[in-house]
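# Structure at a glance
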Amino acid sequence: MPPASSPAPAPPFASLAALRAACLALPGVDAVAQRQIASREAELTKPAGSLGRLEELTQWLGSWQKRAQPRLDRVQILIFAGNHGVVQQGVSPWPQDVTAQMVQNFEQGGAAINQLARVAGATLHVVPVRGLAATADFTTAPAMTEEAFLDAVQTGYDAVPHACDLLCLGEMGIGNTTAAAALAAALFGGTGADWAGRGTGLDAPGVAHKARVIDAALAHHKAEMAAQGSSAAESERAKRLDTVTPVYDPLEIARRLGGYELAALLGATLAARHSGIPVLLDGFVCTAAVAPLARLAASDAEAKAEAGTETINEIGAGLEDQARSGAATGGLAHTRLSHCSAEAGHARLAKKLELVPLLDFGLRLGEASGAALAVPLLRAAVACHNGMATFAQAAVSGRTG
């Protein structure tokens, strides 16, 4: 059994330090359930591995639910909505009041996600974060004060129901693909042009303008984000491991360049990890919002290796063994990426985070639409694992060689 993790600080998160501690106190999977699922899988009437990723999805669900037979009786879709001050820079062809109008549309059942949630057999809940007040324009100021950022994270954390078999996350916010692209650039390197996409329908000149706005934001916050970085030794290590991306504090990046709904997504993902709830992520914005959790966990693992408490081989090549033993293998180990969106940068971001999408339908809607579409796939995986007969039950001869 892995060593017991120190308990996460109880919310509310009173400071960035308290939030950071909670982001590093991450429980792992249930090793007993994991072994039981693998044992049953080996006895089902099919060649080993013949159901492909469905088998992996079953083990992922059950090992986080702590059940040998995973269930999807209570699937929750959470949409967090927020507004962005950077819209003042002309980064979206839609007016900001569309955010509130779409929240009303969700509540009245008229959006795409309402129909997809019904098909998926999921409960839908929409959360207008901080009353849809806009963040500051992050080209000239931090998007959020520390207090407002922590409050938004707390909103997401508190929105996750304890009785939940699967959490599907999504968002709504005019201008939030600009925030997501800025987050990705600050976390993983590159310029605005490397990450900016069409969003809700920009033309080529609009995308170029959006990239310039992102570059302006990165330049404006560069010194402050770097000042929040780690020690000189850690900075030197980062240069050896990654010559492109400087050492910045992922939470400070999220505060300065993100948005209220993105912070809530981070909080919800963290709450799910603490509660052992598997999570389906949606598109580009959702993936960027939770990326700081992955970066924090990776930096912590590198620091342990530098200190000699763990080796690079143990952190790298040993991840599979750690997963089998029930240890946490990363900040996003309890998540799966539902789809790869058509938004420029999402495929690249998914690769950086080692998230392999389940679907690729060219979606760029948000709203948890891709996550909802993937739920029936998970239901199929669970049905096969729980409902198939074993070789002994079906009186089918097993493999002889």
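The preceding data block contains the structure.
Moving on: the overall build of the protein. Looking only at helices and strands, the protein has 18 helices and 5 strands in total. Sequence-distant contacts, at least 24 apart, represent 80% of the contacts inside the protein between residues at least 6 apart.

You can see K46 is positioned in the loop between α2 (31-43) and α3 (53-65). A distance of 3.1 Å separates a polar atom in the side chain of K46 from a polar atom in the side chain of E41. If we ignore the near neighbours within four places in the chain, the residues touching K46 are E41, L51, E55, M388 and F391.

Attention shifts here to the packing of aromatic side chains. As enumerated under the stated definition, the model contains 1 aromatic pair in all. For the pair F13 and Y157, a centre-to-centre distance of 5.3 Å together with 80 degrees between the ring planes defines the contact as edge-to-face. Of this pair, F13 sits in the segment before α1 (16-24) while Y157 sits in helix α6 (residues 146-159), placing them 144 residues apart in sequence. Of the two residues, F13 and Y157, neither departs from the other in class, the shared state being buried. Its guanidinium or amino end placed over the ring of Y260, R130 lies 5.2 Å from that ring's centre, counting from NZ or CZ.

Here we come to the packing of helix α5 (residues 112-120) against helix α17 (residues 369-387). Two elements in contact, α5 and α17, have axes separated by 9 Å at closest approach and are oriented at 10 degrees. Our classification of the angle between α5 and α17 gives roughly parallel. Along the contact surface, α5 presents I113, L116, A117 and A120, while α17 presents S369, A372, L373, V375, P376 and R379.

Here we take up the environment of V207. Secondary-structure assignment places V207 in helix α9 (residues 204-227). In this structure V207 comes out as buried when scored by relative accessible area, which is 19%. Expressed as a C-alpha distance, the spacing of V207 and S92, which sit 115 residues apart in the sequence, is 9.3 Å. Excluding residues within four positions of it along the chain, V207 makes contact with A196, G197, R198 and L202.

Here the focus is the pattern of salt bridges. Under the defined criterion, the tally for this structure stands at 11 salt bridges. Close ionic contact of D249 with R20 constitutes a salt bridge, the shortest N to O distance being 2.3 Å. One end of the pair, D249, is in the loop between α10 (232-241) and α11 (250-257); the other, R20, is in helix α1, with 229 residues separating them in the sequence. Given the relative accessible area of 6%, D249 is considered buried. Residue R20 is classed as partly exposed on the basis of its relative accessible area, which comes to 24%. Among the ionic pairs, E41 bridges to K46, the shortest N-O distance being 3.1 Å. The same class applies to E41 and to K46, which are both buried. Where salt bridges share partners, they join E41, K46 and E55 into one cluster.

The next thing to look at is the nonpolar core. Formed by 80 residues in total, the largest nonpolar core has its most connected members in L19, F80, F149, L167, L169, L257 and L270. Excluding anything up to four places from it in sequence, L19 contacts F13, F149, L150, V153, L251 and L270. Within the second largest apolar cluster, 37 residues are counted, among which are V98, F106, A111 and L132.

In this section: the side chain of H346. One can find H346 in helix α16 (residues 346-352). In this structure H346 comes out as buried when scored by relative accessible area, which is 0%. A polar atom in the side chain of H346 sits 3.5 Å from the backbone oxygen of G283. Discounting chain neighbours no more than four positions away, the residues touching H346 are D282, G283, F284, T287, L337, H339, C340 and S341.

Basis of the calculations
Residues numbered from 1 in each chain as written. Predicted model: local features only at pLDDT ≥ 70, side-chain atom pairs only at ≥ 80, totals over all residues. Heavy atoms only, no water. Helix = DSSP H or I, 4+ residues; strand = E, 2+ residues; numbered from the N terminus. Contact = heavy atoms within 4.5 Å. Polar contact = N/O pair within 3.5 Å; in protein donor to acceptor, adjacent residues only side chain to side chain. Phe/Tyr/Trp six-rings, centres within 6.5 Å; stacked < 30°, edge-to-face > 60°. Buried < 20%, exposed > 50% of the residue type's maximum accessible area, 1.4 Å probe, protein only. Lys NZ or Arg CZ within 6 Å of the ring centre and 35° of its normal. Axes fitted to C-alpha atoms, helices over the stretch in contact; angles between N-to-C directions. Parallel < 35°, antiparallel > 145°, perpendicular 65-115°, else oblique. Salt bridge = Lys/Arg side-chain N within 4 Å of Asp/Glu carboxyl O. Core = buried A, V, L, I, M, F, W, Y, C linked by side-chain atoms within 4.5 Å.

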